[in-house]
Amino acid sequence: MVGSCVPQLLIDLSEYVNLTSAAAPALARTQRQPPKPPPGARVVVSRSFADFTPQATFDIKKCDLHRLEEGPSQKAELTREQGLQYYRTMQTVRRMELKADQLYKQKIIRGFCHLYDGQEACAAGIEAAINPSDHLITAYRAHGYTYTRGVPVKEILAELTGRKGGVAKGKGGSMHMYAPHFYGGNGIVGAQVPLGAGIALACQYQGNNQICVTLYGDGAANQGQLFESFNMAALWKLPCIFICENNKYGMGTSVERASASTDYYKRGDFIPGMRVDGMDVLCVREATKFAADHCRSGKGPIIMELQTYRYHGHSMSDPGVSYRTREEIQEVRSKSDPISVLKERMLSNNMASAEEFKEIDIEIRKEVEDAAQFATSDPEPPLEELCNHIFYNSPPLEVRGTHPWSKLKSTS
Amino acid sequence: MTHSDPYINRSADWSKPTDLGGGSAFSPAEDRLKMAASLKCFLRSGKNAVSALRRREFHRSAPAAVQMTVRDALNQAMDEELERDERVFLMGEEVAQYDGAYKVSRGLWKKYGDKRIIDTPITEMGFAGIAVGAAMAGLRPICEFMTFNFSMQAIDQVINSAAKTYYMSAGLQPVPIVFRGPNGASAGVAAQHSQCFAAWYAHCPGLKVVSPWNSEDAKGLLKSAIRDDNPVVFLENELMYGVPFEMSEESQSKDFTVPIGKAKVERQGNHVTVVSHSRYVSHCLDAAAVLAKEGIECEVVNLRTIRPMDVESIETSVMKTNHLVTVEGGWPQFGVGAEICARIMEGPAFNYLDSPVTRVTGVDIPMPYAKILEDHSLPQIKDIIFSIKKTLNV
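Residues numbered from 1 in each chain as written. Chains lettered and ligands numbered in written order. Predicted model: local features only at pLDDT ≥ 70, side-chain atom pairs only at ≥ 80, totals over all residues. Heavy atoms only, no water.

In this structure the tally under the stated criterion is 17 aromatic pairs over all chains. Seen from their ring centres, Tyr87 of chain A and Phe357 of chain A are 4.5 Å apart, and the 55° between their planes marks the pair as tilted. Taken together, the residues Tyr87 of chain A in helix α2 (residues 80-105) and Phe357 of chain A in helix α12 (residues 354-377) connect sequence positions 270 residues apart. Residues Tyr87 of chain A and Phe357 of chain A agree in their burial class; the two are buried. Here the aromatic rings of Phe197 of chain B and Tyr201 of chain B are separated by 6.3 Å at their centres, their planes lie at 45°, and the arrangement is tilted. For the pair Phe197 of chain B and Tyr201 of chain B, a shared accessibility class is recorded, and that class is buried. Cluster of aromatic residues (ring-pair linked, three or more members): Phe127, Phe145, Phe148, Phe179, Phe197, Trp200 and Tyr201 of chain B. Positioned over the ring face of Tyr98 of chain B is Lys103 of chain B, at 4.2 Å from the centre of the ring. We note Lys208 of chain B situated over the ring of Phe391 of chain A; from NZ or CZ to the ring centre the distance is 4.6 Å. (Phe/Tyr/Trp six-rings, centres within 6.5 Å; stacked < 30°, edge-to-face > 60°. Helix = DSSP H or I, 4+ residues; strand = E, 2+ residues; numbered from the N terminus. Buried < 20%, exposed > 50% of the residue type's maximum accessible area, 1.4 Å probe, protein only. Lys NZ or Arg CZ within 6 Å of the ring centre and 35° of its normal.)

What follows is the structure in structure tokens.
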């Protein structure tokens, strides 16, 4: 909120408000203070936080339901704080993915790189509805979830560039990042779904009231092992939320060409399901809350289909325009971009100012820039690490190198 | 030709109740010499065990020694580990209410209930993945494959989700799981149900692959496998389930474990080293008994663990005997014997060899059904004897 080249007449409203409005609602106050203007500058406009609407209720799209009498609420409450938090999360993921795109084109990131931009509302909305002690597992388009589950941008980018500061010390790469209660990052399409059901089994077994969110894509939705997992999850009433992120394309194959039925929320047959607008973070949040309650109350698994969209191709090797039109991509960007949708909502309801958003953007840009700087300058893992982490809690062992005279050491 | 071999479990055999090792009452030994002789029979080969028992009186041995079938030893191992650690549970087809397809888990569901002993639908890929996920989230599952042939349906979960994860995560995510079940040939079950997977699994870093022979191996190695914090593939053998073996006093303890990664010399000898695993250890001991009469003393090494392989024990033995024969039930190409040959050549023992290593393996064909064909698809004792003599050039 730094002004420049403005006339002298200024009113610093914040000071005025602090002195006289003791009745300002608690929610209006945030912990952040407006940044100190640089010396010599004059503050143009200083809107106090008491000016902003602290909380608002939004109408959200109704979910299509399968085997459910009622669905998630069609009204979502959003506080200013939450809104800014969701914005920050989504924008961080967006900028991080775009930075990864850049680094990949510079050949600093290699191998597979599946970017998540466009789908940010899914990761942000889900995380907003579950507890850190809940569990989450997804497939290979995992950078967004790695972030929302607690791994700093720095460690994600450094993992992509294969450096020792990466979350998996450079040994996993794009598809194999882990964190407490986050099980990756899985490269084999569909394999993460039985794993997720197993994690839910562990929650049930341990009686800890935790749930597991198990994500898969429209491409994986036809895998046999999913139906095996659905069967056992339903039989044993596992507290598992199966979530299909339907971004309309499994690699280069559209959903119409891959699935006899594209009603992914109904594919669980005997498992109740909901189809959710995955471009609206509030929709995702409300649906996930509903699903989490369902699981925690012992009703067994539930399926959510999030209708979403990815701007990039399947991976960095795929330009993404041979099987869909640029017009389609552009249309989604202009009409349904998750970050814009949230921002517009907040602006038009006076929940935040454009300057605030800009400020957040600047902070995030800096964070991502610093992270990229780290990711490009951190050294690669030392060769001594090559054979480590074969076994856990085991005495050191010898590993054969590329020829018989190469005897390498492996520690846990 | 009738099959008098007591190894062969007819379909009815496993339905007969077997005491869990404690049923037959023992009293102090009266004739230690006779007992020692019958013990030798047991240890040497299960084949003559039953007849040996019948010939001599059934001697009650000292409280130190107990007879136990491999099945009961596995059962006892699981029972003890289920009791010891609440996080341990068993899942697989027919493991609970059916008492186990081969009765290995008999009595466990009755004792521990639905939560710890879980019957699964016939969906290997699904339930193996569920077991791996449960291991990632803090439990210690035992995932049973009815036979390892069916593990092929789930092999992606074993290799890509279990074996590689600790490495890919640079130590963040261990996977403490045991995959167990019968491996290799049975009797008359034909090609799709007779494959040996030792070489397939032992090929992969991140897995431990264990192949017990007798009851002590079975009990001690299964307990070690369950206590191990890593994925362990535990290869049993259906034909060994019903074979009784002597169990030492030490092995009757609830804390008895056999270390993974150490081979055992079952019989000392000077002339040739014979290395084997699982059921074929019995064949090797039988062959050794026959050859002993001709003055050839075989040193029989029971691998116990396929990966990590205890090459040192083999090398030590070869440096003593100067000759090596490997014996396995699996196919020859890219198999356990092939690996042993390569490792011996790369190490100090090569210079001690007086002749090339010989591999005795299953025939390189899918398993046929007809009895005569099946018998000739697997190493017989005469094949082992022939190969040893050829290796020794006698």
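A few words now on the packing of α2 of chain A against helix α5 (residues 153-160) of chain A. Residue and element names in this part refer to chain A. One way to put it is that α2 packs onto α5 with a least axis distance of 11 Å and a crossing angle of 25°. With respect to α5, the element α2 is oriented roughly parallel. Note on packing geometry: the crossing formed by α2 with α5 is right-handed. Of the residues in α5, those in contact with Thr92, Met96, Lys99 and Ala100 of α2 are Val153, Ile156, Leu157 and Leu160. Of the residues in the contact of α2 with α5, the class split is six nonpolar, one polar and one charged. (Axes fitted to C-alpha atoms, helices over the stretch in contact; angles between N-to-C directions. Parallel < 35°, antiparallel > 145°, perpendicular 65-115°, else oblique. Left-handed = near helix turned anticlockwise from the far one by under 90°. Contact = heavy atoms within 4.5 Å. Nonpolar A, V, L, I, M, F, W, Y, C, P; charged D, E, K, R; others polar.)

A separate point is the confidence of the model for chain A. Scored by pLDDT, chain A comes out at a mean of 91, with 88% of its residues at no less than 70. Within the model, the stretch residues 1-31 of chain A combines pLDDT values under 50 with 31 contacts to residues more than four positions away or in other chains. (pLDDT = per-residue confidence, 0-100.)

The next subject is the sheet that holds strand β11 (residues 298-302) of chain B. Residues and elements named next belong to chain B. Pairing within the open sheet is mixed, and its five strands lie in the order β9-β11-β10-β13-β14. The sheet terminates laterally at β9 (264-267) and β14 (358-360), the two strands that pair on one side only. Sheet twist, expressed as the mean angle between neighbouring strand axes with direction ignored, is 25°. Bridge analysis of strand β10 (residues 272-276) against strand β13 (residues 324-327) gives four bridges, and the strand direction is parallel. Looking at the pairing, Val274 lines up with Val325 of β13. Along the sheet, helix α10 (residues 280-293) makes contact with β9, β10, β11 and β13, crossing β11 at roughly 170°. Packed on one face of the sheet, helix α14 (residues 381-392) meets β10, β11, β13 and β14 and runs near 160° to β13. (Pairing = 2+ DSSP bridges.)

What follows covers the pattern of salt bridges. Side-chain pairs of opposite charge can arise whenever the charged atoms involved come near each other. All names here are of chain A. A complete count under the given rule lists 43 salt bridges over all chains for this structure. The shortest N-O distance in the salt bridge between Lys61 and Asp277 comes to 3.5 Å. Linking Lys61 in the loop between β1 (55-59) and β2 (64-66) with Asp277 in strand β9 (residues 273-277), this pair joins segments that are 216 residues apart in sequence. Take Lys61: its relative accessible area is 54%, and that puts it in the exposed class. (Salt bridge = Lys/Arg side-chain N within 4 Å of Asp/Glu carboxyl O.)

Of the residues lining the interface, 36 residues belong to chain A; the matching set on chain B comes to 46 residues. Both faces combined, the contact of chain A with chain B buries some 3,500 Å², and carbon together with sulfur accounts for 67% of it. Contact with chain B buries surface across chain A, with Tyr178, Tyr205 and Tyr392 of chain A losing the most and accounting together for 22% of the total. Between chain A and chain B we count one salt bridge in total. Salt-bridge contacts for Glu346 of chain B lead to Arg400 of chain A; the nearest nitrogen and oxygen are separated by 2.4 Å. Here chain A is connected to chain B by 15 residue pairs in polar contact (both at pLDDT 80 or more). Among the elements of the structure, α6 (192-206) and α7 (224-236) of chain A are those that each provide at least two residues to the side of chain A that touches chain B. Looking at the side of chain A that touches chain B residue by residue, the classes come out as 21 nonpolar, eleven polar and four charged. (Buried area = accessible area lost by both parts, 1.4 Å probe. Polar contact = N/O pair within 3.5 Å; in protein donor to acceptor, adjacent residues only side chain to side chain.)

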